[in-house]
Amino acid sequence: MDISNIESLIGYEFSDKQILITAFTHSSYSNEQKVQSNEMLEFLGDSILSLVVSEFLYQNAKADWNEKNLSEKRASIVNKTALARAVDELKIIDFLLCGVGETRSNPVKSKSTKCDLFEAVTGAVFLDGGIDEARDFIFRSIGANMVHVLKNKTDNYVGMLLEHTLKQKKDIFKYSEITENNDNFFLVEVVLDEKVLSKAKARSKSEAERLAAKTACSKLALI
């Protein structure tokens, strides 16, 4: 593992290099090599990320905002898509240590894995350098999106829905492709507790996902 390159990319130099290595150790590699995975750092980083983003929103909130407004904006900032994009921009996903089987099936490219890595790195920076260093890393990585979400109307229904359903470990979106009148569409279903809550179709997967999430948010009284 090229530790110095990773440190350069994330903008932080670790005193304890082992914490950094652990942050980049996928559970599949951990199981094969009998070493600690990054799952506990992911757990810690998730809480640190939520704290830092919540603090930012609280400090910059408009006077007429309420808890619902803040929760919606936080969901838009820390959702899986946003954090996966941050990992892509940092160019750190290829350093993740994966097991042989995991590498062959290539899940390392999934949004979920990238999101987990971002949270693990956040937790690692916090453990090694404290809350100020962790806050700096978060601002460097997703600060522009934080400001964007702060200033703009929240319509990230996918983010809101994911924030509301964090306790459900399985993916809540089910995808399929359908053909109607010789046209191809993506069909997306929102599944909660093994029941279909909403569904939508569109020519693009992202639009179908957004429409299905919007309907689900409405049914759950989130909007």
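Residues numbered from 1 in each chain as written. Predicted model: local features only at pLDDT ≥ 70, side-chain atom pairs only at ≥ 80, totals over all residues. Heavy atoms only, no water.

S.K.: Help me out: how do you make sense of the pairing of strand β1 (residues 173–180) in this one?
M.R.: Side chains on a regular strand alternate between the two faces of the sheet. Strand direction decides the pairing type here: β1 and strand β2 (residues 183–192), joined by eight bridges, are antiparallel. Residue pairing for β2: Thr179 is matched across the bridge by Asn184. The turn linking β1 back onto β2 is made up of two residues, and Asn181 within it adopts a positive phi angle of 50 degrees. (Pairing = 2+ DSSP bridges. Helix = DSSP H or I, 4+ residues; strand = E, 2+ residues; numbered from the N terminus.)

S.K.: It is not clear to me how the pattern of salt bridges should be interpreted in this structure. Could you clarify?
M.R.: Any two side chains of opposite charge can pair, so long as their charged atoms come close to each other. One pass over the structure, following the stated rule, counts six salt bridges. Among the ionic pairs, Lys17 bridges to Glu7, the shortest N-O distance being 2.7 Å. One end of the pair, Lys17, is in helix α2 (residues 17–23); the other, Glu7, is in helix α1 (residues 3–10), and ten residues separate them in sequence. Across the pair Glu189 and Lys199 runs a salt bridge, and its minimum N-O distance is 3.6 Å. Note that Glu189 is positioned in strand β2 and Lys199 in strand β3 (residues 195–202), a separation of ten residues in sequence. (Salt bridge = Lys/Arg side-chain N within 4 Å of Asp/Glu carboxyl O.)

S.K.: Looking at this structure, I do not really get the nonpolar core. What am I missing?
M.R.: Generally speaking, nonpolar side chains in soluble globular proteins are found buried as a group. Judged by nonpolar contacts, the single largest core of 42 residues is most densely connected at Phe24, Ile92, Phe118 and Ile142. Mapped onto this core, the elements with two or more residues apiece are α1, α2, α4 (39–60), α5 (67–78), α6 (80–90), α8 (111–129) and α9 (131–151). Those residues in contact with Phe118, other than ones at most four positions away along the chain, are Leu49, Leu83, Ala86, Val87, Leu90, Phe137, Ser141 and Ile142. By size, the runner-up hydrophobic cluster in this structure holds 18 residues, among which are Leu162, Val188, Val190 and Ala213. (Core = buried A, V, L, I, M, F, W, Y, C linked by side-chain atoms within 4.5 Å. Buried < 20%, exposed > 50% of the residue type's maximum accessible area, 1.4 Å probe, protein only. Contact = heavy atoms within 4.5 Å.)

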